[in-house]
Amino acid sequence: MTEQERLFEEVYRAYGPSLYRFCLLQMKNPADAEDVLQEVFYKRLYRAPSFASPDHERRWLFRVALNQCRDAWKQSSRSELPLETASDAVTAEELGLLEQVAELPEHQRTVLHLHYWEGYSLREIAGLLGVTVPTVKMRLKRGRDALRQTWEGA
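The rules we used
- Residues numbered from 1 in each chain as written.
- Predicted model: local features only at pLDDT ≥ 70, side-chain atom pairs only at ≥ 80, totals over all residues.
- Heavy atoms only, no water.
- Helix = DSSP H or I, 4+ residues; strand = E, 2+ residues; numbered from the N terminus.
- Expected span 1.5 Å × (residues − 1).
- Buried < 20%, exposed > 50% of the residue type's maximum accessible area, 1.4 Å probe, protein only.
- Salt bridge = Lys/Arg side-chain N within 4 Å of Asp/Glu carboxyl O.
- Contact = heavy atoms within 4.5 Å.
- Axes fitted to C-alpha atoms, helices over the stretch in contact; angles between N-to-C directions.
- Parallel < 35°, antiparallel > 145°, perpendicular 65-115°, else oblique.
- Left-handed = near helix turned anticlockwise from the far one by under 90°.
- Polar contact = N/O pair within 3.5 Å; in protein donor to acceptor, adjacent residues only side chain to side chain.

1. Some details on helix 5 (residues 106-117)
Argument step 1. Over its twelve residues, helix 5 extends 16 Å from the first C-alpha to the last, a length consistent with the 16 Å expected when each residue adds 1.5 Å.
Argument step 2. Taken as a whole, helix 5 has its buried residues at Gln108, Arg109, Thr110, Val111, Leu112, His113, Leu114 and Trp117.

2. Some details on the pattern of salt bridges
Close approach of charged atoms lets side chains of opposite charge pair.
Argument step 1. Considering all chains together, one arrives at nine salt bridges under this definition.
Argument step 2. Across the salt bridge formed by Glu3 and Arg6, the nearest N and O atoms sit 2.2 Å from each other. Here Glu3 and its partner Arg6 are both found in helix 1 (residues 3-27), three residues apart, which amounts to about one turn of the helix.
Argument step 3. Classification of Glu3 as exposed rests on a relative accessible area of 52%.
Argument step 4. Residue classification places Arg6 among the partly exposed residues on the basis of a relative accessible area of 33%.
Argument step 5. Across the pair Arg6 and Glu10 runs a salt bridge, and its minimum N-O distance is 2.1 Å. In this pair, Arg6 and Glu10 are both assigned in helix 1, four residues apart and thus about one turn of the helix distant.
Argument step 6. For Glu10, a relative accessible area of 38% puts it in the partly exposed group.
Argument step 7. In the salt-bridge network here, residues are joined through shared partners; they are Glu3, Arg6 and Glu10.

3. Comments concerning the environment of Ile125
Argument step 1. Locating Ile125 in the fold gives a position in helix 6 (residues 122-129).
Argument step 2. Ile125 gets classed as buried once you look at its relative accessible area, which sits at 0%.
Argument step 3. Residues Ile125 and Leu114, spaced eleven residues apart in sequence, show a C-alpha to C-alpha distance of 7.0 Å.
Argument step 4. Excluding residues within four positions of it along the chain, Ile125 makes contact with Val111, Leu114, His115, Tyr120 and Val136.

4. What about the packing of helix 1 against helix 5?
In a pair of packed helices, the angle between the axes and the distance between the axes together describe the arrangement.
Argument step 1. Contact geometry for helix 1 and helix 5: axes closest at 10 Å, N-to-C directions at 160°. One way to sum up the angle between helix 1 and helix 5 is to call them roughly antiparallel. The two elements helix 1 and helix 5 cross, and the hand of that crossing is right-handed. Contact residues: Ser18, Arg21, Phe22, Leu25 and Gln26 in helix 1; Glu106, Arg109, Thr110, His113, Leu114 and Trp117 in helix 5.

5. Brief notes about helix 2 (residues 30-46)
Argument step 1. Here helix 2 is 17 residues long and its end C-alpha atoms lie 24 Å apart, about the 24 Å a rise of 1.5 Å per residue gives.
Argument step 2. Within the sequence span of helix 2, burial applies to Pro30, Asp32, Ala33, Val36, Leu37, Val40, Phe41, Lys43 and Arg44.
Argument step 3. Buried positions along helix 2 lie against helix 1 and helix 3 (54-75).
Argument step 4. At the N-terminal boundary of helix 2, the capping side chain belongs to Asn29, with an oxygen 2.9 Å from the backbone nitrogen of Ala31.

Right, here's the structure in full:
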C-alpha cells in the first residue's frame, strides 16, 4: 500500500461518515451526496494545504464539503430522493430528525448539523461559514424554533 493510499484510508475512516451525513443533509439525495463526498476527498488528497492539527483538517474538510454542495446545487437542478434510501448511513432515530432538518433552509440546517451532529462551537461555525457568532446563534434559534413547530404540529 502506498503512502497516499494509507493517508486516504486514515482520513476517510476518521471523517467519511460524518461528512457523508453532512452532504446528505445538504443534497437531500444519496447519489449526489456520494458525488460531493468523492470530490471532497479528491481535493483532500491532491489539493489540500498542510494542516496544523487534526481539528484544522476537519474544519477544512467541512468547509470544502459545504462549498461543493453549494456548487452542485447551482450547477444543475437536483432530484430529491427520500432520505430512507441512505438508511445504512444513519440510525432510524437520526433518519427521522434528518428528514425534518433537511426541510429547513440551507443556512439553518447547516448550523444545526455542524453544532449538534459534529460538535462545533458557535465560534468555530462562525469561522467556518464566514459569519458572526450572533448570526450563528440566530440561525440556530430559528432552526430550533422551526423544528419545534414541526414537532408540535405533528
